[in-house]
Every structure is written in structure tokens, then in C-alpha cells.
Amino acid sequence: AFLENVVQHEHFLNGEYNTSFIDDTPELFVFPRRKDRGTKMLTFIGETIVNGYPGLEQQKKPIFSALRKPEVDEDAPMPSGSKQVLDERGTDGLVKWLKDQERTLLTDTTFRDAHQSLLATRVRSHDLLNIAEPTARMLPDLFSTEMWGGATYDVAMRFLHEDPWERLLNLREKMPNVLFQMLLRGANAVGYKNYPDNVIEEFVKTSASAGIDVFRVFDSLNWLPGMTKAIEAVRNSGKLAEAAICYTGDILDPNREKYNLNYYKELAKTLEAEGAHILGIKDMAGLLKPEAAYQLVNELKETIDLPVHLHMHDTSGNGVFTYARAIDAGVDVVDTAISAMAGSTSQPSMESLYYALKGTGKEPALNVEAASKLSGYWEDVRAYYQGFESGLIAPHPEIYEHEMPGGQYSNLQQQAKAVGLKGQWDDVKDMYARVNTLFGDIVKVTPSSKVVGDMALYMVKNDLTEADIFEQGNSLDFPESVVEMFQGEIGQPPGGFPPELQRIILKNREAYTDRPGKHMEPVDFEDLKTKLFTELDRQVTSHDLMNHTMYPKVYEEYEQFRNYFGDVSVLDTPTFFYGLRLGEEIEVEIEPGKTLIVKLISISKPSDAGDRIVYFELNGQPREVIIKDRS
Ligand code: 3PY
Ligand code: ZN
């Protein structure tokens, strides 16, 4: 899961709802600067009706079925769960409790990796919050809910115009009983590049106080120095450090000996010595075969004294088989998703795993009927996001050949299309594997996977072979991401970069092999606070500081959007993506107890200048907004 959408990001960055749009369409500012909330909302809905949502473009609003949301008794006491174990017994107590469990526990990734991998990370807080409390009440046996980090942080602001921190805090309130887990890209935090050490420290501290309990920390090259600061920061925050080894290659293949069983064992020992509470195995592409899972988990359990938590993607279709073998070997926790959001590039289905093992005594801890009910909700919600489906509708065992992380697959496909390689997708996939070999066989996960993808596109586009790179390399302009990686900006792969290739790629630039964080100036947060206070003209929170530090430009656009259109996270998802049908009326709860009733009356033809007037009723009163038709 991925590489997030970088392509799509870039694509959309130039478009629609961002600063450029607002700059190019000054006539939008005929409205008073401080519009009321109703007008802001009508402006957004009008905008969506006239111009569509970026990536979906203008289209008719489909008729969706009513959501099958399971009923729960909200007055009953909340069942206690793993969160209470952590709060009462601390991290060491939690680890002991986990080791004492007889059954394998489950992490539910539905709120993060599942939709990152299936729906381009587009699932909105509205749909998560709607099912959060039922999930907490119905699945209290979960080890954790993975609901933050990875690409969600960036996409929330960039495309959903939501604050990721608000999502976290609101979910925490509705789910007080299960551990909250996030994916942290080591020194890259939730970004695509290394950040200064003090940013990693602050980010972890702030996330911990906003509700994260388990931090799954990885490095995109399995480079220990890329993870140490993050692990230390998690421990200092009193939370659980799940240090992950990224699984690549195939330990069953004697020809892939760089990443053999011993390699993973040594890495695991090092992570244990670094202070990990839990060892994560992060199989981001879904390459871990069933027998390999058995051997790996078995050997790790013999080698280290930590609970083992296995994450994988079901791209090949072999996920449940792999998990069943990992369970045979005594794995402590596995990552699964609710079935309607599982399979393919997402995680294996929790109900499928349960049923596969039912009656053997090895079934994971799960109320399977409850999970099935929740799946009905997700089946209905998933339909809202149909425009973001990856298009991969069948098992894809080819993954074992090209090793592309699940979420990168559809993104790279888009990227290939964008550079005119639409008909050469097979060549790109093939080249991806060849570039990996050229680079010395590296781990491929955000952000290293993006570098391999960029190089593959570059070589196919320019009709270059490996031999050409060595022969003509001095006169070639390599993609920026490739140059940066070979400089050491995202760390070092095991065994280093191939020296001859590195010389060719870097030309006269210098490479370094120590931690990039060491070369970076710490961020002065006090200073930043003052600066943002002037810019935003309001109190600055630690969350603002983090948003700005991670993604300055995205955050600026997010703030502009929010000033202009207000808080659009309160809208239901069909309206958010498709606007309203003529005559349709919706209720929008803009804050607890305050509801707006919005009805679409009519839309004018465009004026000579291309403006349309969209007529609404807002709480029964006529209202209109002027929207530039950009078609
Ligand atoms: C991410 O970094 O977002 C991932 O999901 C990597 O697998
Ligand atoms: Zn994943």
C-alpha cells in the first residue's frame, strides 16, 4: 500500500480545488470574505454539481442503497479491550498479556491500509466515524485497529479537505477500548522524504497524545538508522514500538539469497536490541508464501523473545493460506480487513480466515457474526468510492515476479498512462523487476518503491536497457528521485548501492552513508508557531505545526480551502463526490444539534463568462451561488 498516489497527487495538485483554482478564478471572491457556514457549504456543493470532484469529473449522482448499519445499544457499557490492558498494565504488561494469549489476535486494517490499497485512500472520516462505535462494541477482541498513518495523513488534507488529527481524535472518542495503531515510515514519518530528528520526535509525541498506541515503524530499505529515532521516540512516549522488517524476495528460493532467512533473523535481533516491544513483519507486496511464513515465524520465535505481528497484502490470492501457516508457527497477531474491504491488494479477510480455521482450535479471536454484519455496512459504503477502485478484480499472482507493492500497482499504471506508455504496461512491469536487479535488489516500499517505478518509466520511455545505462549514463539525466536515493537521502540498502551505477547516476555529486537526519537543521517550532499565527490569524495548535512541517504546500492549500468552503467533512459522501440531484434535499449536521437543510432547486445555463447560478433552498429560504463552469 502505497506510493501513494503520488502520481495522482501531482495530477490533482495542478487542478480543481487547490490554490491554483482559486487564484485563476478571482470572480469567486465576489462573496464577502467571511461567508457564513451555510454559504460556504452551498458554494462547495455548487462547485461539485457544476464541475464534479477531481478524478471523478462531472457525472450523474448514482442512486446508492441505504446503508446497512448494525444497531448497537449505545447506552450499554463499552466492552473493555486491549486499550484497557495497555492503560492498566503499561507497555510491558501489554506485551506479556499478548504473549499469554492462546489464540492468534487480529488487527483490523479496514480504516487505513484496506482503503489505501483498494480505494486510493479516499475513505472519508464521515464514513469511518459512522461505524466506529459499532465496530468498537462488536469487535472488542481485536488486538488493534489500524486507522492512521501511511498515506491517510496526506490524502486527508490533500483530497478530502479534512484534518487528519480531527479524524484521530474523533475516532478515539468513539472507540475507547481497542488499541489504535498507525504506520510510521521511520525517518520519513508520514511523508516521502527524511525529516530532521526533532520533527520525528515531535510527530511521535503529538500522535501519541492524540490517541495512537501502537506505532508500526519501518524503513523503506530495512536500514536500521532510519528507524532508531522513531523507536526511541515511541518508547519515550510510553507507547508500543512495533519495529517492522519489510519482507522482500523469497526465502524459499535458493537463488534469492540476499534476503534469506538469516538476513531476517539478524534484523529481528537488532530490532529487539533497539527496544522494539513487538516485531512486525511487513509484507507490503504480498510475497510471503505459505511455507515461507511458517519457516520465518517459526525461526523468529526461536530467535527473539518478542510477540510477532504479521502484515500482508492478498494480491496473489494466497493470503489466508499464508496466515494459516503463520498461525501454525505461533504468530501472535495478523492483519486482516472486514471482508467487504479485504482481498486483492488489501489485507486477507478476517471472516475468511476465521472460517478456514473454524473447528481446528486455531481460529483467531473474532465474533464472526459481528464481523459479517459490519461487512454489510462496508459493502454499501464501498459503492460510494467506486470511481477510485483500482481495477484489479482478480488474484494477481504475477506479484511474485515484479514485487510491486499492492497500492503502487494502480498508481504506476496511471503514471505510465500519463507519460504516454499506456500500451506498454507489460513492459513497465517487466522493467520494474529489471530495475530492482539493476539497483542491487532492494526493498521496495514507500518511498523506495517510487524510485524503482520512476526509473522503470524512464527506461521504457527512453527505450533504454541496462547496458545503455552503463554505456551512455554520463549523458543521461536521471529522474530526481533516483539521484536522491543514490545520494543516500532515504538511507542505505543492505550491502550498499552498486558502486559503478552510483557513480554514473550521481555524476559529480557526493553521496553520504550516515543518517540524513544528521545533516538537517532541526525545525524551530516556536518560530514556526509565531509565523503561522500571523499567517492563519488564529491560535496555532501542535497539529497545525505538524501539518505544516510534513506538507507545507498541501497544508496551505488545505487552509485556504477550509477558509473558502468551510468544513466539508460534515457532508455525506455521495453529496461530497457528486453534489445533489435536482429537487434532492439533504440534512447536514454542521455541529451537534445544528442541522442545515439543503435542497437543490435549479442550475442556470452558463453566462458568456462561463458562470452558472446554482439555486438552492437553505432551511427553506432561497439562496444562490455563482460557480464558474470549467468544462
Ligand atoms: C505506506 O507507507 O503508506 C504503506 O502502506 C507502505 O506499505
Ligand atoms: Zn500494507
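Please refer to the structure placed before this passage.
Source: prediction; values computed, not measured.

Draft legend 1. Representation of the sheet that holds strand E9 (residues 585-591). Pairing in this open sheet of 4 strands is antiparallel, and the strands run E9-E10-E11-E12 from one edge to the other. The open sheet is flanked by E9 and strand E12 (621-628), the only strands paired with a single partner. The sheet shows a mean angle of 35 degrees between the axes of neighbouring strands, taken without regard to direction. Examined bridge by bridge, strand E11 (residues 611-618) and E12 share 8 bridges and lie antiparallel to one another. If you follow Leu618 over to E12, its bridge partner there is Gln621. Relative to E12, helix H3 (residues 37-51) is tilted by about 50 degrees, and along the sheet it contacts E9, strand E10 (594-603), E11 and E12.

Draft legend 2. A look at the sheet that holds strand E3 (residues 179-184). Pairing is parallel in the closed barrel, where 8 strands are placed in the order E1-E2-E3-E4-E5-E6-E7-E8. Ignoring strand direction, the axes of neighbouring strands in this sheet form an average angle of 30 degrees. With 5 bridges connecting them, strand E2 (residues 144-149) and E3 associate as parallel partners. Within the sheet, the bridge partner assigned to Trp148 lies in E3 and is Met182. Relative to strand E5 (residues 240-246), helix H10 (residues 225-236) is tilted by about 155 degrees, and along the sheet it contacts E3, strand E4 (214-217) and E5.

Draft legend 3. Local environment of the side chain of Asn177. Tracing the chain through its elements places Asn177 in the loop between helix H8 (164-174) and E3. Classification of Asn177 as buried rests on a relative accessible area of 1%. Contact partners of Asn177, with chain neighbours within four places excluded, come to Met78, Pro79, Ser80, Gly81, Ser82, Lys83, Gln84, Ala136, Pro140 and Arg172.

Draft legend 4. View of helix H6 (residues 125-138). Taking 1.5 Å per residue as the helical rise, H6 with its 14 residues ought to reach 20 Å, and the 19 Å between its terminal C-alpha atoms agrees with that figure. Bending of H6 peaks at approximately 40 degrees at the position of Ala132, with proline Pro134 no more than four residues after it. For H6, the tally of buried residues reaches 12 of 14 residues, placing the bulk of the element in the interior. Three or more residues of H6 are buried, namely Ser125, Asp127, Leu128, Leu129, Ile131, Ala132, Glu133, Pro134, Thr135, Ala136, Arg137 and Met138. Those residues of H6 that are buried lie in contact with strand E1 (105-108), helix H5 (110-118), H8, helix H15 (368-384) and helix H27 (573-578).

Draft legend 5. Representation of the environment of Gln502 in the model. You can see Gln502 is positioned in helix H22 (residues 499-506). Overall, the relative accessible area of 18% leaves Gln502 in the buried class. Sequence separation between Gln502 and Phe203 is 299 residues, and the spatial gap between their C-alpha atoms is 33 Å. In this structure, Gln502 is in contact with Phe486, Phe497 and Ala511, ignoring residues within four places of it in sequence. Separated by 2.7 Å, the side chain of Gln502 and the backbone oxygen of Phe486 make a polar contact.

Draft legend 6. Local environment of the layout of surface pockets. Put simply, the largest pocket is a space of about 1100 Å³. Taken together, 33 residues make up the lining of the largest pocket; nearest its centre are His126, Leu129, Ser569, Val570 and Glu589. Looking at the lining of the largest pocket, the elements that each hand over two or more residues are H3, H6, H8, helix H26 (552-565) and E9. Per-element tally for the lining of the largest pocket: the top contributor is H6, with 6 residues. Looking at side-chain class alone, the lining of the largest pocket contains 9 nonpolar, 7 polar and 17 charged residues.

Calculation criteria
Residues numbered from 1 in each chain as written. Chains lettered and ligands numbered in written order. Predicted model: local features only at pLDDT ≥ 70, side-chain atom pairs only at ≥ 80, totals over all residues. Heavy atoms only, no water. Pairing = 2+ DSSP bridges. Helix = DSSP H or I, 4+ residues; strand = E, 2+ residues; numbered from the N terminus. Axes fitted to C-alpha atoms, helices over the stretch in contact; angles between N-to-C directions. Contact = heavy atoms within 4.5 Å. Buried < 20%, exposed > 50% of the residue type's maximum accessible area, 1.4 Å probe, protein only. Expected span 1.5 Å × (residues − 1). Bend = angle between axes of the 7 residues up to and from the residue. Polar contact = N/O pair within 3.5 Å; in protein donor to acceptor, adjacent residues only side chain to side chain. 1 Å grid on protein atoms, 1.4 Å probe; cavity = no way out; pocket = protein on both sides within 12 Å on 5 of 7 lines; lining within 4 Å. Points joined across faces, edges and corners; volume = space filled by probe spheres on them. Nonpolar A, V, L, I, M, F, W, Y, C, P; charged D, E, K, R; others polar.

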